[in-house]
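This is what each chain is made of:
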Amino acid sequence: MSSRTRLRSRFQLLTALLVTAVQLPTVLWLCWLTRTPVPALAAIPLSLPYLRQLQSPWHTTAPALSTYLALGWWAACLVFDLLMLPAWLAVRAGMPWGVAWGLAGGLALLVGVDSVLGRPRLRERVVRVEGLPPELDGYRIGQLSDVHCGPHASERRVSTWVARLNALGLDLVTVTGDLITHGSSHVEAVARALGGLRAKDGAFACMGNHDYFTDGEHLVRELEGQGLTVLRNRGVVVQRGAARLYVAGVDDTWTSRHDLARALRQRPEGVPTVLLAHDPDLFPEARARGVELTLSGHTHGGQLAVPGVRRLSLARFVTRWTAGLYREGRSWLYVNRGAGTTGPPVRLGAPAELAVITLRRA
């Protein structure tokens, strides 16, 4: 047996043990409720087909009903596990048994379905910039990140995200990396979909690590052929009346292609800067160089997280900048949770998003 096969077998065993532990309280409760072993027997065919496909935590499986059923069921079980104690306490406090457990079960099912089928939320944030020219006060920037066009994010689905942003009448629209999952099969598709982005001052993109899991140069050519401006360690000046905004982008950090100094080299003195940087770990350097706003992605918000508590997410294992808006001094960072997924196509506590950042004078 090869080392790769052994690793895959160990990963499948570990995953099987984990999902069994997640399902066990819910399944035992259902068996007790029905007085039959049917829930336990039903959980096996729900879980087994997807488990057999898994090769690693980052493996992207083919789209199949069994995938969404398994992941939605596991998510629902996890939520129900967490709601069992509150439901029991509610019954002890006088709530009717059927109401308490019915609410717990209904909420768990809703969250389970949303975890695999939910559409991106629209997040709107305000960033106050010192010295922002009056002409740029209220300037609205859209951000789409971590599209991961592939088996679970088709061209048609990406186009629906593009249409939602277009409907907002934005001043500028940005795409902050990881446009594909891997390989060349969806390069033309994602370029066509993103080529539909429209904003008053144009559409700009930067590269992410997944964008070099294929021929990155081919991807750039396709994107620019569809009308996007791809910023790789460079910037451009956007004019709005007498006011100027410098929009810059850095290349991928994983392959050491990034060069922030080069990206900011042509920045005019005193002009506010928006930086597209897929990896949020570039924020400290951007702050040190006086960048007012950095737009990032990469983390997916962990895909599994405790809602409302940024530190309690899987993303915390790779960066301190997990999701949402951060400020240090005069500099701001927004970390987009992304619209797509990698690995298991599921999000629990870290919903997909489209972002709109409005610039205001400080």
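Up top is the structure.
Rules of the game
- Residues numbered from 1 in each chain as written.
- Predicted model: local features only at pLDDT ≥ 70, side-chain atom pairs only at ≥ 80, totals over all residues.
- Heavy atoms only, no water.
- Salt bridge = Lys/Arg side-chain N within 4 Å of Asp/Glu carboxyl O.
- Helix = DSSP H or I, 4+ residues; strand = E, 2+ residues; numbered from the N terminus.
- Buried < 20%, exposed > 50% of the residue type's maximum accessible area, 1.4 Å probe, protein only.
- Contact = heavy atoms within 4.5 Å.
- Patch = residues over 30% accessible without salt bridge, like charges linked within 9 Å, V, L, I, M, F, W, Y side chains within 5 Å.
- Areas by Shrake-Rupley, 256 points an atom, 1.4 Å probe, with all protein chains shown as cover.
- Pairing = 2+ DSSP bridges.
- Axes fitted to C-alpha atoms, helices over the stretch in contact; angles between N-to-C directions.
- Expected span 1.5 Å × (residues − 1).
- Arc of directions from axis to C-beta.
- Parallel < 35°, antiparallel > 145°, perpendicular 65-115°, else oblique.
- Left-handed = near helix turned anticlockwise from the far one by under 90°.
- Nonpolar A, V, L, I, M, F, W, Y, C, P; charged D, E, K, R; others polar.
- Core = buried A, V, L, I, M, F, W, Y, C linked by side-chain atoms within 4.5 Å.
- Phe/Tyr/Trp six-rings, centres within 6.5 Å; stacked < 30°, edge-to-face > 60°.
- Lys NZ or Arg CZ within 6 Å of the ring centre and 35° of its normal.

Engineer: When you look at the pattern of salt bridges in this model, what are you seeing that I'm missing?
Structural biologist: Any two side chains of opposite charge can pair, so long as their charged atoms come close to each other. Counted under the stated rule, the structure contains 13 salt bridges. R121 is the partner of D114 in a salt bridge, and the nearest nitrogen-oxygen pair spans 3.3 Å. The salt bridge involving R360 is made with D137; its shortest N-O contact spans 3.7 Å. Of this pair, R360 sits in strand 12 (residues 353-361) while D137 sits in the loop between strand 1 (121-129) and strand 2 (139-144), and the two are 223 residues apart along the sequence. The exposure class of D137 is partly exposed, given its relative accessible area of 34%. Salt bridges here are not isolated pairs; linked through shared partners, they connect D171, K200, D201 and R240.

Engineer: When you look at the side chain of N336 in this model, what are you seeing that I'm missing?
Structural biologist: With respect to the element layout, N336 can be found in the loop between strand 11 (331-335) and strand 12. Once residues lying within four places of it in the same chain are set aside, the contact partners of N336 are Q143, S145, D146, S296, G297, T299, E353 and A355.

Engineer: It is not clear to me how a nonpolar patch on the surface should be interpreted in this structure. Could you clarify?
Structural biologist: Nonpolar side chains collect at one region of the surface, where L304, L314, F317 and V318 lie side by side and expose about 440 Å² of accessible area between them. Within the element layout of this structure, L304 appears in the loop between strand 9 (293-296) and strand 10 (324-328).

Engineer: I would appreciate a short explanation of the sheet that holds strand 8 (residues 273-276) in the present structure.
Structural biologist: Strand order in the open sheet formed by 6 strands is 6-7-8-9-11-10, and the pairing between neighbours is mixed. Lying at the two open borders of the sheet, with one neighbouring strand each, are strand 6 (234-240) and strand 10. The mean inter-strand angle of the sheet, taken between neighbouring strand axes irrespective of direction, is 20 degrees. Across 4 bridges, the pairing between strand 7 (residues 243-249) and strand 8 is parallel. Each residue of the ladder has a partner; that of G249, found in strand 8, is L276.

Engineer: It is not clear to me how the environment of V236 should be interpreted in this structure. Could you clarify?
Structural biologist: Within the secondary structure, V236 is located in strand 6. In this structure the C-alpha to C-alpha distance between V236 and R267, which are 31 residues apart in sequence, comes to 8.1 Å. Excluding anything up to four places from it in sequence, V236 contacts F204, L231, L245, Y246 and V247.

Engineer: Would you mind showing me how to read the side chain of S313 here?
Structural biologist: Mapped onto the fold, S313 is located in the loop between strand 9 and strand 10. In this view, S313 contacts G301, G302, L304, A305 and T322; residues no more than four positions away in its chain are not counted.

Engineer: Teacher, can you tell me more about unusual backbone geometry here?
Structural biologist: As a rule of thumb, non-glycine residues mostly have phi less than zero, and peptide bonds are mostly trans rather than cis. Here the phi dihedral of D146 falls at roughly 50 degrees; this positive angle occurs in a residue that is not glycine. The phi torsion at S256 lies on the positive side, around 55 degrees, for a residue other than glycine. Within the secondary structure, S256 is located in the loop between strand 7 and helix 8 (260-263). The exposed category is assigned to S256, whose relative accessible area is 59%.

Engineer: What am I meant to see in the environment of A191 here?
Structural biologist: Along the chain, A191 falls in helix 6 (residues 187-194). C-alpha of A191 to C-alpha of L179: the two residues are 12 residues apart in sequence and 8.7 Å apart in space.

Engineer: Would you mind going over helix 5 (residues 155-166) with me for this structure?
Structural biologist: Each full turn of the α-helix corresponds to 3.6 residues, which orients residues three or four apart in the same direction. The terminal C-alpha atoms of helix 5, which comprises 12 residues, lie 16 Å apart, in line with the 16 Å expected from a rise of 1.5 Å per residue. Within the sequence span of helix 5, burial applies to V158, W161, V162 and L165. Along the axis of helix 5, the buried residues cluster in a sector spanning 100 degrees; they form a single face. On the buried face of helix 5, the contacting elements are strand 2, strand 3 (172-176), helix 6 and strand 12.

Engineer: Help me understand the packing of helix 5 against helix 6 in this model?
Structural biologist: Two measures define how a pair of helices packs: the angle their axes make with one another and the distance between the axes. Close contact between helix 5 and helix 6 brings their axes to 8 Å; oriented N to C, the two are set at 20 degrees. With respect to helix 6, the element helix 5 is oriented roughly parallel. As for the relative orientation of helix 5 and helix 6, their crossing is right-handed in sense. Contacts between helix 5 and helix 6 involve E155, V158, S159 and V162 on the former and, on the latter, A189, R192, A193 and L194. Class assignment for the residues of the contact of helix 5 with helix 6 results in 5 nonpolar, 1 polar and 2 charged.

Engineer: What's the story with the packing of helix 2 (residues 38-53) against helix 3 (residues 65-92) in this structure? I'm lost.
Structural biologist: The contact between helix 2 and helix 3 brings their axes to 8 Å, and the two run at 115 degrees. Where helix 2 crosses over helix 3, the two elements pack in a sense that is left-handed. Here A43, L46, S47, P49, Y50, L51 and Q53 of helix 2 lie close against helix 3, whose contacting residues are S66, T67, L69, A70, L71, W73 and W74. Classifying every residue of the contact of helix 2 with helix 3 gives 10 nonpolar, 4 polar and no charged.

Engineer: Would you explain the nonpolar core in this entry?
Structural biologist: Considering soluble globular proteins, one finds that nonpolar side chains tend to be buried as a cluster. Counting 32 residues, the largest nonpolar core has L144, V158, W161, V190, L194, L197 and L223 as the members making the most contacts within it. Taken together, the elements giving at least two residues each to this core come down to helix 5, strand 3, helix 6, strand 4 (203-206), helix 7 (216-225) and strand 12. Top element by residues in this core is helix 6. It accounts for 6 residues. Setting aside residues no more than four positions away along its own chain, L194 makes contact with L144, V158, V162, V175, L179, L223 and L228. V127, L132, L276 and L295 belong to the second largest nonpolar core, which has 23 residues in total.

Engineer: How should I be thinking about the packing of aromatic side chains in this particular structure?
Structural biologist: How two aromatic rings sit relative to each other is set out by the distance from centre to centre and by the angle between their planes. Scanning all chains against the criterion turns up 9 aromatic pairs. Through a chain of ring-to-ring contacts, the aromatic side chains of W29, W32, F80, W97 and W101 assemble into a single cluster. Against the face of W32 rests R35, its NZ or CZ located 4.8 Å from the ring centre. Residue placement shows R320 over the ring face of W321; its charged tip is 4.1 Å from the ring centre.

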